[in-house]
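In case you want the letters, here they are:
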Amino acid sequence: MTNTDMARLADPLGQASILIVDDEPGMRNFLVKTLRPLCQLADEAENTEAAAALLNTRQYDVMILDNIMPGQKGLDWLEEQRREGGFTDTILITAYADLQTAIDALRAGASDFVLKPFRSNQILNALRRCIETARLKRENMLLRRELESTGVGRRRRRELVGASPAISQVRALLDRVAQVSTPVLITGASGTGKEVAARHLHARSSRAGAPFVPVQCGAIPADVIEYELFGHAPGAFPGAPAGREGLLASAQGGTVFLDEIGELTPSAQNALLRVLEDGRIRPIGTERTVQLDVRFVMSSSRALAEAVAAGHFREDLLFRINVIDVAMPPLRERGTDIVELAGLFLDEISAQLQLPPLELSANVKSALLRHDWPGNIRELRNFIERSLIFGSFSLDTLAPPRPAADIMPLEEVERREILHALEAAGGNRSEAARRLGVSRKTIDRKCAAWGL
């Protein structure tokens, strides 16, 4: 990457798409020549009709709008666009300025106001302010949502922790598909870290600098979930005097994580299928489509094929999202990752709650490793938090050690497990070896020793 390319990426204008609406060819030519070397896209329209046609084909970050044009004035058209659910930030340019025009511009929803004639640096500065303000508003909205769903002080993890074969395999798969935009479905029991896996994927993709927007499908009431996802025009439903950008649009350029996608209503499933097929959304109560540039990552803790069979989930939607399936292993299959995660939670929670840390002794580690953790990582975190609050590890809440009478020689345990694996695999030694995580030669050698 050249220094010029790096500078362009660092500039707020570098990834921006701009629409110029002005009836004067000279002004349009000046703005296009100024902006195209600096922006990702700079389109032009000679009147509001041409601008409306372009807005129906894609979403622009900022629109530079002239006020006085033949036919419809820019301000009147902007007011119409806002009523119909248009969310493009707008900079009004005009040669006829007075206080009333400035007031009308703000009421119509303009983000800034620039007087003609202006120099190139004036319009560039206005554009940068507009883009930066929009970014900060979006980040503020997303951070408020995260705080409401997470709680003050709790940190969202952005990478998978552990070195077990099970989690290493998941990490390798996520890294392999990080740079493509294909939808990903993450499956696994509740508490296995599906959202962490989604954040891991986002952090390693080329979209890492753009928003990551988690949506808990089961936590949003069924009657408003489409308004939340797709946005809406003013007055689209009772109690909605102002229009609102949807969660999907707020993730522009980044990643949308639909947690527990099986909880979506049938109508939301139908709308999501259309979005996945053509990459467009239509805010509720509007006639305008918005072109999306987002990656979809979904999760489910229940078998979606069973939901399809029961008539609760669309089969064509399952086919569309199940291109890359990432299965999160239960915590009991992650070996010493349990101890590593416990240590991590001890450090984080003791600092968060300002409690003295506890030591993970050999006895405690042994108890953690033999417990099955039916609640997975969430159960482990809760156990650590409870232990810190009471000042000691409540090992009596974990699985007790097996009675001495039940302990078998290691050779006998090995024989039973190998024979059990062979029976489960229908006698297929290669499959039994794969399930046990050993080589086929090991199985052959053991079977020969047992006369099989």
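Values in this document were obtained by computation on a predicted structure and should not be read as measured data.

So, how was this worked out
- Residues numbered from 1 in each chain as written.
- Predicted model: local features only at pLDDT ≥ 70, side-chain atom pairs only at ≥ 80, totals over all residues.
- Heavy atoms only, no water.
- Core = buried A, V, L, I, M, F, W, Y, C linked by side-chain atoms within 4.5 Å.
- Buried < 20%, exposed > 50% of the residue type's maximum accessible area, 1.4 Å probe, protein only.
- Helix = DSSP H or I, 4+ residues; strand = E, 2+ residues; numbered from the N terminus.
- Contact = heavy atoms within 4.5 Å.
- Expected span 1.5 Å × (residues − 1).
- Arc of directions from axis to C-beta.
- Patch = residues over 30% accessible without salt bridge, like charges linked within 9 Å, V, L, I, M, F, W, Y side chains within 5 Å.
- Areas by Shrake-Rupley, 256 points an atom, 1.4 Å probe, with all protein chains shown as cover.
- Salt bridge = Lys/Arg side-chain N within 4 Å of Asp/Glu carboxyl O.
- Lys, Arg positive; Asp, Glu negative; His and termini not counted.
- Charge placed at Lys NZ, Arg CZ, Asp CG, Glu CD.
- Pairing = 2+ DSSP bridges.
- Axes fitted to C-alpha atoms, helices over the stretch in contact; angles between N-to-C directions.
- Disulfide = S-S within 2.5 Å.
- Right-handed = clockwise from strand over helix to strand, strands pointing away.
- UniProt positions renumbered as here; feature names shortened; annotations may be inferred.

### What to know about the nonpolar core
Piece 1. Grouped together as the largest cluster of nonpolar side chains are 37 residues, with contacts concentrated most on Leu258, Ile261, Phe296, Phe313 and Ile321.
Piece 2. Of all the elements, helix H11 (residues 266–278) adds the most residues to this core, at six residues.
Piece 3. Sequence-distant contacts of Ile261, defined by excluding residues within four places in its chain, comprise Cys217, Leu272, Met298, Ser299, Leu304, Phe313 and Ile321.
Piece 4. Listed in part, the 22 residues of the second largest apolar core include Leu13, Ile18, Met27 and Phe118.

### Brief notes about helix H16 (residues 376–390)
Piece 1. Here H16 spans 22 Å end to end across 15 residues, near enough to the 21 Å set by a 1.5 Å rise per residue.
Piece 2. The set of residues buried in H16 consists of Asn376, Ile377, Leu380, Arg381, Phe383, Ile384, Ser387 and Leu388. Relative to the axis of H16, the buried residues are bounded by an arc of 160 degrees and lie together on one face. Residues of H16 that are exposed and point more than 90 degrees away from the buried face comprise Ile389 and Phe390.
Piece 3. Summarising the contacts, the buried residues of H16 are in contact with helix H14 (337–353) and helix H15 (362–370).

### Concerning a negative patch on the surface
Piece 1. Where like charges cluster on the molecular surface, the negative patch consists of Asp76, Glu79, Glu80, Asp98 and Asp104.
Piece 2. When residues of the negative patch are assigned to their parent elements, the largest contribution, three residues, is made by helix H4 (residues 74–83).
Piece 3. Among the structural elements, Glu80 can be located in helix H4.

### Description of the side chain of Thr48
Piece 1. Here Thr48 shows up in helix H3 (residues 48–55).
Piece 2. Residue Thr48 is classed as buried on the basis of its relative accessible area, which comes to 3%.
Piece 3. With near-sequence residues (within four places) excluded, Thr48 lies in contact with Val21, Met69, Gln72 and Trp77.

### So, the sheet that holds strand E2 (residues 41–45)
Piece 1. With respect to topology, five strands assemble into an open sheet ordered E2-E1-E3-E4-E5, the strand pairing being parallel. If you trace the sheet from one side to the other, it starts and ends with E2 and strand E5 (112–115), each paired once. Averaged over neighbouring strand pairs, the angle between their axes works out to 20 degrees when direction is ignored.
Piece 2. Two elements, strand E1 (residues 17–21) and strand E3 (residues 62–66), share four bridges in a ladder whose sense is parallel. Bridge pairing in E3 places Leu19 opposite Met63.
Piece 3. In this fold helix H2 (residues 25–35) packs onto E1, E2, E3 and strand E4 (89–94), with an angle of close to 170 degrees to the strand it touches most, E1.

### Quick notes on the pattern of salt bridges
Piece 1. Enumeration according to the criterion identifies 18 salt bridges in this entry.
Piece 2. Ionic pairing is found between Asp316 and Arg314, a salt bridge with its closest N-O pair at 2.7 Å.
Piece 3. The partner of Asp337 in a salt bridge is Arg334, and the shortest N-O contact between them spans 3.2 Å.
Piece 4. In this structure Asp337 comes out as buried when scored by relative accessible area, which is 2%.
Piece 5. Overall, the relative accessible area of 3% leaves Arg334 in the buried class.

### What to know about the state of the cysteines
Piece 1. All told, the structure shown has zero disulfides when counted by the stated rule.
Piece 2. No disulfide involves Cys39; its sulfur sits 12 Å from the nearest other cysteine sulfur, which is in Cys130.

### Things to note about the sheet that holds strand E7 (residues 212–216)
Piece 1. Taken in spatial order, the five strands of this open sheet run E7-E10-E13-E6-E14, and their pairing is parallel. Edge positions in the open sheet fall to E7 and strand E14 (324–327), since each of these has one partner strand only. With direction set aside, neighbouring strand axes in the sheet form an average angle of 20 degrees.

### Comments concerning the pairing of E1
Piece 1. Counting buried residues along E1, five of its five residues qualify, which places the element largely inside the surrounding structure.
Piece 2. Because side chains alternate across E1, one face comprises the buried residues Ser17, Leu19 and Val21, and the other comprises Ile18 and Ile20, equally buried.
Piece 3. Two strands pair when backbone bridges link them, and E1 and E2 are joined in this way by five bridges, in the parallel orientation. Following the sheet pairing, Ile20 is matched in E2 by Glu44.
Piece 4. Between the parallel pair E1 and E2, the chain is carried across by H2, and the sense of this crossover is right-handed.

### Thoughts on H15
Piece 1. Of all the residues in H15, the buried ones are Val364, Ala367 and Leu368. All buried residues of H15 lie within an arc of 100 degrees about the axis, which places them on one face of the element. Within H15, the exposed residues directed more than 90 degrees away from the buried face are Ala362 and Asn363.
Piece 2. Check the buried side of H15 and you find it contacts H14 and H16.

### Structural notes on a nonpolar patch on the surface
Piece 1. A cluster of nonpolar side chains, contributed by Leu353, Ile389 and Phe390, occupies part of the molecular surface with about 320 Å² of accessible area.
Piece 2. Given a relative accessible area of 51%, Ile389 falls into the exposed group.

### Brief notes about the side chain of Asp259
Piece 1. On the secondary structure map, Asp259 appears in strand E10 (residues 255–259).
Piece 2. In this structure, Asp259 is buried with no salt-bridge partner, the nearest side chain bearing the opposite charge being Lys194 at 5.6 Å.

### What to know about the environment of Gln216
Piece 1. Tracing the backbone through its elements, the reader meets Gln216 in strand E7.
Piece 2. Given a relative accessible area of 32%, Gln216 falls into the partly exposed group.

### What to know about the UniProt feature "modified residue: 4-aspartylphosphate" (unreviewed entry) in the protein chain
Piece 1. The UniProt feature table records "modified residue: 4-aspartylphosphate" (unreviewed entry) at Asp66.
Piece 2. In contact with Asp66, not counting residues within four places along its chain, are Val21, Asp22, Asp23, Gly74, Leu92, Ile93, Thr94 and Lys116.

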